Amino acid sequence: MLLLVVILPKRILCIRMTFVSCTRFSVCQRCIKKMDHHCPWVNNCVGESNQKFFVLFTIYICAISIHAIIMVIYHFVTCVDKDWKGCSGFSPPATAIFLIFLVLEGLLFSLFTAIMFGTQLQAICSDETGIEQLKKEQPTWQRNSYWRSLKEVFGHPVSILWFSPFHQPNHTGKHQPYQYAV
């Protein structure tokens, strides 16, 4: 696998001499291997080397949002049982409005991150990036099975470390990681 970067006046081009997708993104000023999208939340491109961490980010934000909804509902039920005495420093109507706002915010965050998690998982299992899906490009390489794609993103062998954001996955097979930064 080889990546050649050509610098021309006012332009930088990534010339791919490999069978995997590589995209030059002007905001990040880098060539990203298997680039899926640019994420404003993390202010970075999501590609082969950080896709696991983005997937974990989305699922953990979804889980935390659902936990917040459960805690708000529990607080609301407790306040109703106590007849709103000692529940908050605000009046009961203001507290109810704040709790409703928190539930709506938690629902929006959990729904959005669950959808992002689903689209990322679908992209991993189909061995197709978001950019390739939008452009409806045909792959120039043989696609992996969904199981092999999962192992390439999260690491091999399957273990509890798949869920750890502190564990860098081992990239085995045809996609050896190396830096594309220019």
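The shown structure was predicted, so the numbers you read here are calculated from the model rather than taken from an experiment.

## A look at the state of the cysteines
No. 1: Within this structure, the stated rule accounts for 1 disulfide.
No. 2: With a sulfur-sulfur separation of 2.2 Å, Cys79 is cross-linked through a disulfide to Cys87. Looking along the S-S bond of the Cys79-Cys87 disulfide, the torsion reads about -130 degrees, which is the left-handed sense.
No. 3: Residue class for Cys79 comes out buried when judged on its relative accessible area of 0%.

## Describing the packing of aromatic side chains
Two measures describe an aromatic ring pair: the distance that separates the ring centres and the angle between the ring planes.
No. 1: Per the counting criterion, the structure on display carries 5 aromatic pairs.
No. 2: For the pair Phe76 and Trp84, a centre-to-centre distance of 5.8 Å together with 75 degrees between the ring planes defines the contact as edge-to-face.
No. 3: For Phe76, a relative accessible area of 35% translates into the label partly exposed.
No. 4: Under the relative-accessibility criterion, Trp84 is labelled partly exposed at 23%.
No. 5: Aromatic pair Phe154 and Trp162: ring centres 5.3 Å apart, planes at 25 degrees, arrangement stacked. We note that Phe154, like Trp162, is buried.

## Observations concerning the packing of helix H2 (residues 92–126) against helix H4 (residues 146–154)
No. 1: Taken N-terminus to C-terminus, the directions of H2 and H4 make an angle of 115 degrees; their axes are 7 Å apart at the nearest point. In this structure, H2 uses Leu121, Ile124 and Cys125 to contact H4, whose residues at the interface are Tyr146, Ser149, Leu150, Val153 and Phe154.
No. 2: When grouped by side-chain class, the residues that make up the contact of H2 with H4 number 7 nonpolar, 1 polar and no charged.

What counts as what
Residues numbered from 1 in each chain as written. Predicted model: local features only at pLDDT ≥ 70, side-chain atom pairs only at ≥ 80, totals over all residues. Heavy atoms only, no water. Disulfide = S-S within 2.5 Å. Buried < 20%, exposed > 50% of the residue type's maximum accessible area, 1.4 Å probe, protein only. Phe/Tyr/Trp six-rings, centres within 6.5 Å; stacked < 30°, edge-to-face > 60°. Axes fitted to C-alpha atoms, helices over the stretch in contact; angles between N-to-C directions. Helix = DSSP H or I, 4+ residues; strand = E, 2+ residues; numbered from the N terminus. Contact = heavy atoms within 4.5 Å. Nonpolar A, V, L, I, M, F, W, Y, C, P; charged D, E, K, R; others polar.

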